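# Coordinates in review
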Amino acid sequence: MLLAIGDVVRIRSTKALGTVAGVASHRVGNVVDVQMNGNTLRPVRPQDIELVARGFKPMTAGRAVATLLFFLLGIASAVANCVYVRDLGANWAMVTFVAFTSVTAVTGGLINLFNRPRRVHI
């Protein structure tokens, strides 16, 4: 199971809801620290929780600028790839496909690499 800080989880035994506050090492293995009502932390085994909702961070100015920069890099790679494919003698359909694929792959890859929330496998 992949969890990030801020994810909402339910404890199976008590049906209580809480948010993930962190992962801790214990002598019996890893435990997930769940923040319950009243800011109390409760260590729970990963087998005893189920994910209810993913937490997310709101868009900040820095992340917006980074996303715009990644999009511009995607467009630059699409132009370079289109010129190369066109010089090889491809028709307009192939050039359009290469442009779309380049923008999607480069932009999506960079956004997933740098702007995604960090999840911990437990």
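Below, the structure is looked at part by part. (Residues numbered from 1 in each chain as written. Predicted model: local features only at pLDDT ≥ 70, side-chain atom pairs only at ≥ 80, totals over all residues. Heavy atoms only, no water.)

## Points about the pairing of strand β4 (residues 29–35)
- As judged from the 7 bridges shared by strand β3 (residues 17–26) and β4, these two strands associate in the antiparallel manner. Paired with T19 across the strands is Q35, a residue of β4.
- Sheet analysis places β4 next to strand β5 (residues 41–44), joined by 4 bridges and oriented antiparallel. Counterpart to V32 in the pairing with β5 is V44.
- Linking β4 back to β5 in an antiparallel pair, the connection comprises 5 residues, with G38 at a positive phi of about 85°. (Pairing = 2+ DSSP bridges. Helix = DSSP H or I, 4+ residues; strand = E, 2+ residues; numbered from the N terminus.)

## Quick look at the nonpolar core
- Counting residues in hydrophobic clusters, the biggest one holds 9 residues: L3, V9, I11, V20, V32, V34, M36, V44 and I49.
- Looking at this core, the elements with two or more residues in it are β2 (8–11) and β4.
- Counting 6 residues, the second largest nonpolar core, distinct from the first, contains C82, V85, V95 and A99. (Core = buried A, V, L, I, M, F, W, Y, C linked by side-chain atoms within 4.5 Å. Buried < 20%, exposed > 50% of the residue type's maximum accessible area, 1.4 Å probe, protein only.)

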